[in-house]
Amino acid sequence: AVIVVAHFLQSVTARLVLGGELVYHRRPGEEGAILTLAGKYSAPDWVTTLNVGYGGAHASYYHRANEQVRVPLL
């Protein structure tokens, strides 16, 4: 079996990062690839991410409650 994973992330601005991931797999009688697009936006007290691909979408949001505590809300 062969599995190849490639990631690419690029800072578009100081707060915005965009990129993607390609996963390719091959084994006897089966071959396929999955492409996922990703983005992350950061602010001083919070970060949000979005991943979209063939299998659906996933979003997350983290907010800093104080200097010691960060709370994931999604």
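Presented here is an overview of the structure given in this document. (Residues numbered from 1 in each chain as written. Predicted model: local features only at pLDDT ≥ 70, side-chain atom pairs only at ≥ 80, totals over all residues. Heavy atoms only, no water.)

## Observations regarding a nonpolar patch on the surface
A cluster of nonpolar side chains, namely Leu22, Leu35 and Leu37, defines an oily patch on the protein surface of about 280 Å² accessible area. Mapped onto the elements of the fold, leucine 37 is located in strand β3 (residues 30-42). Among the residues examined, leucine 37 registers a relative accessible area of 52% and is labelled exposed. (Patch = residues over 30% accessible without salt bridge, like charges linked within 9 Å, V, L, I, M, F, W, Y side chains within 5 Å. Areas by Shrake-Rupley, 256 points an atom, 1.4 Å probe, with all protein chains shown as cover. Salt bridge = Lys/Arg side-chain N within 4 Å of Asp/Glu carboxyl O. Helix = DSSP H or I, 4+ residues; strand = E, 2+ residues; numbered from the N terminus. Buried < 20%, exposed > 50% of the residue type's maximum accessible area, 1.4 Å probe, protein only.)

## What about the pattern of salt bridges?
This structure, assessed with the given rule, holds one salt bridge. Between arginine 27 and glutamate 30 there is a salt bridge, with the nearest N and O atoms lying 2.7 Å from each other. Look at glutamate 30 and you get partly exposed, because its relative accessible area is 33%.

## Looking at the environment of valine 52
Considering the arrangement of structural elements, one finds valine 52 in strand β4 (residues 46-53). Considered as a pair, valine 52 and alanine 38 are 14 residues apart in the sequence and their alpha carbons are 6.5 Å apart. Excluding anything up to four places from it in sequence, valine 52 contacts Leu35, Thr36, Leu37 and Ala57. (Contact = heavy atoms within 4.5 Å.)

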